[in-house]
Amino acid sequence: LNRYITDKARIGHVMRFAANNHITFKEINEAFLRRFMSYLKGERKLSPRSVVNNLIVIRTLFNRAIKQGVVEQKHYPFGKDKIRIKFPETEKVGLTIKEIQAIESLDNLTTQEIHVRNIWLFSFYLAGMRVGDVINIRWSDIYDGRLHYRMNKNAKLLSLKLPEKVISILENYKSDKNSEEDFIFPEMKKANLKSPQDVLAKTKTATKKFNKYLSRLADKANVDKKLTMHIARHSFGNIA
């Protein structure tokens, strides 16, 4: 196993548990891993996510060793009816009405901070829209006082009445409107819509940028919670 070490700290846990610096892949079977998991939780006091991270390293080394012919597939201890790696659910705490009002009332913000706040509030007031849907909304999707759009995740068609606060947000972007088919927000204006890879890359870049600025907004509003685009969904759900 030593020759495949990529994460010394986590492999170190295996070596200490086995009390052997020359453990083989064949020795790391299901029973070994179950005892190892108990050891990490009990003696090492690791969190559920840290335990999972240790298992992922071992699984990665196994896959590499099998590919290189060092160990046979029959000795693989992961998969159906064996050791299954499940990521623990993380608690996502939504904002309260007072916390949202604190963010809304912030002043002396930069242009980018104002934009990101608009994006987050747009998502929140429209039932916690996913960020990929928000940045793909076009002016033509809004008519009769409602937003009509198809969710990217499951293709479900939704129609939502526009709250007054969303209408106010939209006013800030009308000056950049080139046509009814133009995107409301700027993040997708330069995307190659014929390339799914470019659309995905633009979405990831936008999400990362939004979350960075949201963290700043939370600090300025004295909100002691992790603020991300996804939290808009949890906040709406809790308050609704």
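An account of the accompanying structure is given in this report. In this text, all values refer to a predicted model and were calculated from it rather than measured experimentally.

What follows is about the packing of aromatic side chains. Summed over the entire model, instances satisfying the criterion amount to 14 aromatic pairs. Each ring, one from phenylalanine 36 and one from tyrosine 39, has its centre 6.3 Å from the other, and the planes form 25 degrees; the classification is stacked. Within this pair, phenylalanine 36 and its partner tyrosine 39 are both found in helix H2 (residues 30-42), separated by 3 residues, close to a single helical turn. Accessibility classification places phenylalanine 36 together with tyrosine 39 in one group, the buried group. When the ring of tryptophan 120 is compared with that of phenylalanine 124, the centres are 5.7 Å apart and the planes differ by 5 degrees; the resulting orientation is stacked. Taken as a pair, tryptophan 120 and phenylalanine 124 lie in helix H5 (residues 111-125) at a separation of 4 residues, close to a single helical turn. Overall, phenylalanine 124 belongs to the buried group, its relative accessible area being 7%. Each residue in the set Phe17, Phe32, Phe36 and Tyr39 is aromatic and connected to the rest through ring pairs, giving one cluster.

With that settled, the discussion passes to the nonpolar core. Trp120, Phe122 and Leu147 are the most contacted members of the largest nonpolar core, which has 44 residues in total. In contact with phenylalanine 122, other than residues within four places in its own chain, are Met129, Val134, Leu147, Val166, Ile169, Leu170 and Phe185. Counting 25 residues, the second largest nonpolar core, distinct from the first, contains Val14, Ile23, Val52 and Ile66.

Once that is clear, we can look at the environment of arginine 44. Following the sequence through the fold, arginine 44 ends up in the loop between H2 and helix H3 (48-67). In this structure arginine 44 comes out as partly exposed when scored by relative accessible area, which is 35%. Sequence-wise, arginine 44 and histidine 13 are 31 residues apart; in three dimensions their C-alpha atoms are separated by 8.8 Å. Other than its neighbours up to four places away in sequence, arginine 44 contacts His13, Arg16 and Tyr39.

Any two side chains of opposite charge can pair, on the condition that their charged atoms come close. Within the structure shown, the criterion is met by 8 salt bridges. The salt bridge partner of glutamate 113 is lysine 220, with a shortest N-O separation of 2.9 Å. A residue pair is termed long-range when its members are at least 10 positions apart, and glutamate 113 in helix H5 and lysine 220 in helix H8 (residues 196-220) qualify at 107 residues. For glutamate 171, the salt bridge identified is with lysine 174, shortest N-O distance 3.0 Å. The exposure class of lysine 174 is partly exposed, given its relative accessible area of 42%.

Thresholds applied
- Residues numbered from 1 in each chain as written.
- Predicted model: local features only at pLDDT ≥ 70, side-chain atom pairs only at ≥ 80, totals over all residues.
- Heavy atoms only, no water.
- Phe/Tyr/Trp six-rings, centres within 6.5 Å; stacked < 30°, edge-to-face > 60°.
- Helix = DSSP H or I, 4+ residues; strand = E, 2+ residues; numbered from the N terminus.
- Buried < 20%, exposed > 50% of the residue type's maximum accessible area, 1.4 Å probe, protein only.
- Core = buried A, V, L, I, M, F, W, Y, C linked by side-chain atoms within 4.5 Å.
- Contact = heavy atoms within 4.5 Å.
- Salt bridge = Lys/Arg side-chain N within 4 Å of Asp/Glu carboxyl O.

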